[in-house]
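One letter stands for each residue in the lines below.
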Amino acid sequence: MKIRNRFNAEVRAAVGSALAELGWQDEEFQTEASDMADLAVPCFAMAKTRRLPPKEIAARIADKVTVGGTVAAVEAVNGYLNFTIDPAMLVESTLTEIVERGDDYGSLPAKGIKINVEHTSTNPTGPIHVGRARNPIIGDTLSRCLARCGYEVETEYYVNDVGKQVVILTWGIDNIPDGEVERKEERDKPDHRLVANYRHANRMMEEDEDVRERISEMLRRFEAGDAEVIGSVRRTTELMLDGLKETLSEINVVLDRYTWESDFIADGSARDVVERLKTSEYAGQADDGAWYLDLESFGIRGKNTKFTFTRSDGTTLYTTRDLAYHLDKFRRADEAVNVLGEDQKLGSKQLCSALQILGSEKMPDPMFYSFVSLPEGKMSTRRGVVVYLDDLIDEAVSRAYDEIRKRRSDLPEERMRGIARQIGIGAIRYNIVRVSPDKQLVFRWEDALNFDGNSGPYLQYVHARACSMLRKAGEYNHDCDPGMLTDEYEIRLVRALAGFEEALYRAGEQRKVNTIPAYGHEVASAFNQFYAAVPVLAAGENRDARLTLVECTRTVLKNVLDCLGMEAPEEM
RNA sequence: GGGCUUGUGGGGUAGUGGAUAUCCUUUCGGCCUUCGGAGCCGAACACCCGGGUUCGAAUCCCGGCAAGCCCUCCA
């Protein structure tokens, strides 16, 4: 990517000296990305001080600009200066770099910064549903992009093994005889088996006063630190988590670390937070003894600006333990990103205020996503109105299998199944991550299973196509000679390949993971156009250079797919 | 009641001060004597409404309208 940086610098220098020549050296100017040029300079701001029409300004500057180096041309259009990068230099520099760096192309050198990405952290009371699936997919994609941006990344799941919900679950497992649990056709997987107990226990609690009392008693023992109850809750949570991990690994999400909420009670750090907060000037105590912080001066608005951090009996709350957790996290990492549902927005703001009060110099950087709903409304585990991620995976894989069978009867059964899995899962991940996280998403089967156009399989298809050509080509020599790649489709494809580093920057540093699928589609589409327009295997003297371009496209697509947590099948 | 977020062709979506508004899907028309048609080419169709700021607004400000989320001694 040295070429683009050099080009940007040379454009600035060229405009600067042109302005000097006109006696306008005081003028400020900016450069911007553009569809019409490799780099553009708008001249509207100068129109005011120079008292000339922008078109005239642009024309006069263009007249004085001397092209050279990476700058091939300048043109004044509609009050803009449009600069063109030297295509030969772009081709040679980009292809040489991709060939040399391979899988590493686009990555930045290590920054020496440890960044922690907390994601998923769903309540371990049932299987992951499609609504929540946005979390691991966004979190994992971000983590992969950050790693390529040079960060040392650790991913982490915060396990909520404390509180009413997990106690209800545990009670339901320990007290409802297996035969009595009302079951649908659940798959043989711990999270699916156990959620039936959870639902059943919830229903019993609603209908039966005695059950309600027994669960309350269990909760009281839990909060009093009863080792037996805490231990049994921990065990059911672990069981449930095994099921969740299995699903996550199906979609290529593997987390580095699991941190248990109950540990912050056990090691006394949550208590510690309470004691420190009590001494703060924002702290107050309700008549019945509950402690709170008044966060009105921190910009918290609404009916209630109070942030309660102990119950009236002095026990800690979720938010208190979350504070202890964040202090712990900051001891292990330089930066922390939290991928959270939009319902956590206020809580996250309160958390940050409390951290500020505690004197923490680090703050988590939250990334929120809107919930996915069904056309018929909100998803709910308790009501059973859900599409489980496991079911979506099965459906997508089976659709992919049908497609592959239609066109590749030559492949052995086992191979078809393997590829179907890669494609089905790719379709899911791509489809979920392609939409900006703050946009609400309505889950529709026909979108989730889309294999055409702006889809995961489209990217994978182009990768497979490139692989197929390289297979057929046999031996060839790398050739990055720009004289051999002068077709407009070739140049356009190279321009797309050269944009990878910038795409990673947007996705990682600017936290816009949804731009990676768009970038991948741009590359894939440029390749398909090149493919339709330019012969490769029968290309005569251009053959080596074109094969090199195909190989470079394949490399970039493979890297993009890796960022998206998708497989790069060599045939499909 | 208050706060946060979103509103772009028929459906979905990119774009946070700049040019002729991106891409997918859909519909219609074309492309299989070329290396994989999960493809390519062409056409149609859009910035929620009303004010304001600015040389210039999809983008910023104010006021509406609509959708989602939040305002637990829940997690």
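Residues numbered from 1 in each chain as written. Chains lettered and ligands numbered in written order. Predicted model: local features only at pLDDT ≥ 70, side-chain atom pairs only at ≥ 80, totals over all residues. Heavy atoms only, no water.

With respect to helix H9 (residues 227–250)
1) Next: Along its 24 residues, H9 runs 35 Å from first to last C-alpha, staying within 8% of the 34 Å computed at 1.5 Å per residue.
2) Next: Taken together, the buried positions of H9 are occupied by Val 229, Ser 232, Val 233, Thr 236, Thr 237, Met 240, Leu 241, Gly 243, Leu 244, Thr 247 and Leu 248.
3) Next: The N-cap residue of H9 is Asp 226: its side-chain oxygen and the backbone nitrogen of Glu 228 are 2.9 Å apart.
4) Next: Following H9 by one or two positions, Asn 252 adopts a phi angle in the positive range, close to 65°. (Helix = DSSP H or I, 4+ residues; strand = E, 2+ residues; numbered from the N terminus. Expected span 1.5 Å × (residues − 1). Buried < 20%, exposed > 50% of the residue type's maximum accessible area, 1.4 Å probe, protein only. Polar contact = N/O pair within 3.5 Å; in protein donor to acceptor, adjacent residues only side chain to side chain.)

Here we look at the protein's contact with RNA strand B
1) Next: What surrounds RNA strand B is a group of 67 residues, the closest being Tyr 80, Asp 288, Arg 407, Arg 465 and Lys 472.
2) Next: At 3.0 Å, a side-chain N or O of Asn 123 approaches a sugar or linking oxygen of RNA strand B.
3) Next: Between RNA strand B and Ser 468 there is a distance of 3.2 Å, counted from a base nitrogen to a side-chain nitrogen or oxygen.
4) Next: Elements represented by at least two residues in the surface near RNA strand B include exactly helix H2 (44–50), strand E3 (80–85), helix H12 (318–332), helix H13 (345–357), helix H14 (389–407), helix H17 (456–473) and helix H20 (515–533).
5) Next: Per element, the largest residue contribution to the surface near RNA strand B is seven residues, and it comes from H17.
6) Next: Residue classes in the surface near RNA strand B are distributed as 26 nonpolar, 19 polar and 22 charged. (Near = heavy atom within 4 Å. Nonpolar A, V, L, I, M, F, W, Y, C, P; charged D, E, K, R; others polar.)

Overview of the sheet that holds strand E7 (residues 283–285)
1) Next: Within the open sheet, the three strands sit side by side as E7-E8-E9. Their pairing is antiparallel. Every other strand in the sheet has two partners, leaving E7 and strand E9 (306–308) as the edge strands with one partner each. Ignoring strand direction, the axes of neighbouring strands in this sheet form an average angle of 35°.
2) Next: Pairing analysis gives three bridges linking strand E8 (residues 291–294) to E9, with the strands arranged antiparallel. Note that in E9 the partner of Tyr 292 across the bridge is Thr 308. (Pairing = 2+ DSSP bridges. Axes fitted to C-alpha atoms, helices over the stretch in contact; angles between N-to-C directions.)

Let's talk about the environment of Gly 23
1) Next: For Gly 23, the location among the structural elements is in the loop between helix H1 (2–21) and strand E1 (39–42).
2) Next: Using a relative accessible area of 43% as the deciding quantity, one classes Gly 23 as partly exposed.

Focus on the packing of aromatic side chains
1) Next: Summed over all chains, the structure comprises 14 aromatic pairs.
2) Next: A ring pair is formed by Tyr 158 and Tyr 318, whose centres lie 6.5 Å apart and whose planes are at 50°; its orientation type is tilted. With Tyr 158 in strand E5 (residues 152–159) and Tyr 318 in helix H12, this residue pair connects regions lying 160 residues apart in the sequence.
3) Next: Judged by its relative accessible area of 1%, Tyr 158 falls in the buried class. (Phe/Tyr/Trp six-rings, centres within 6.5 Å; stacked < 30°, edge-to-face > 60°.)

Quick word on the domain arrangement of chain A
Accessible area lost upon the coming together of the parts serves often as the stated size of an interface.
1) Next: As far as domains go, chain A holds domain 1 (2–85), domain 2 (119–257) and domain 3 (389–563).
2) Next: Each of domain 2 and domain 3 has a C-alpha centre, and these two points are 36 Å apart.
3) Next: Tallying the contact residues gives 25 residues for domain 2 and 31 residues for domain 3.
4) Next: By the criterion of area lost to domain 3, the three top residues of domain 2 are Val 130, Arg 134 and Arg 148, representing 27% of everything that side buries.
5) Next: In this assembly, domain 2 and domain 3 are joined by seven salt bridges.
6) Next: A salt bridge links Lys 189 to Asp 390; its shortest N-O distance comes to 3.2 Å.
7) Next: The tally of links from domain 2 across to domain 3 stands at 15 residue pairs in polar contact (both at pLDDT 80 or more).
8) Next: Of all the secondary-structure elements, those providing two or more residues to the side of domain 2 that touches domain 3 are helix H5 (134–148), helix H7 (190–207) and H9.
9) Next: No other element matches the 10 residues that H5 contributes to the side of domain 2 that touches domain 3.
10) Next: By residue class, the composition of the side of domain 2 that touches domain 3 is 12 nonpolar, five polar and eight charged. (Domains from an automatic or database assignment. Contact = heavy atoms within 4.5 Å. Buried area = accessible area lost by both parts, 1.4 Å probe. Salt bridge = Lys/Arg side-chain N within 4 Å of Asp/Glu carboxyl O.)

Things to note about the side chain of Glu 571
1) Next: Its location among the elements puts Glu 571 in the segment after helix H21 (543–563).
2) Next: Among the polar contacts listed, one links the side chain of Glu 571 to the side chain of Arg 408, at a separation of 3.1 Å.
3) Next: Of the polar contacts made by the side chain of Glu 571, one reaches the side chain of Arg 415; its length is 3.0 Å.
4) Next: Discounting residues that sit within four places of it in the chain, Glu 571 has contacts with Arg 408, Leu 411, Arg 415, Ile 419, Ala 464 and Arg 471.

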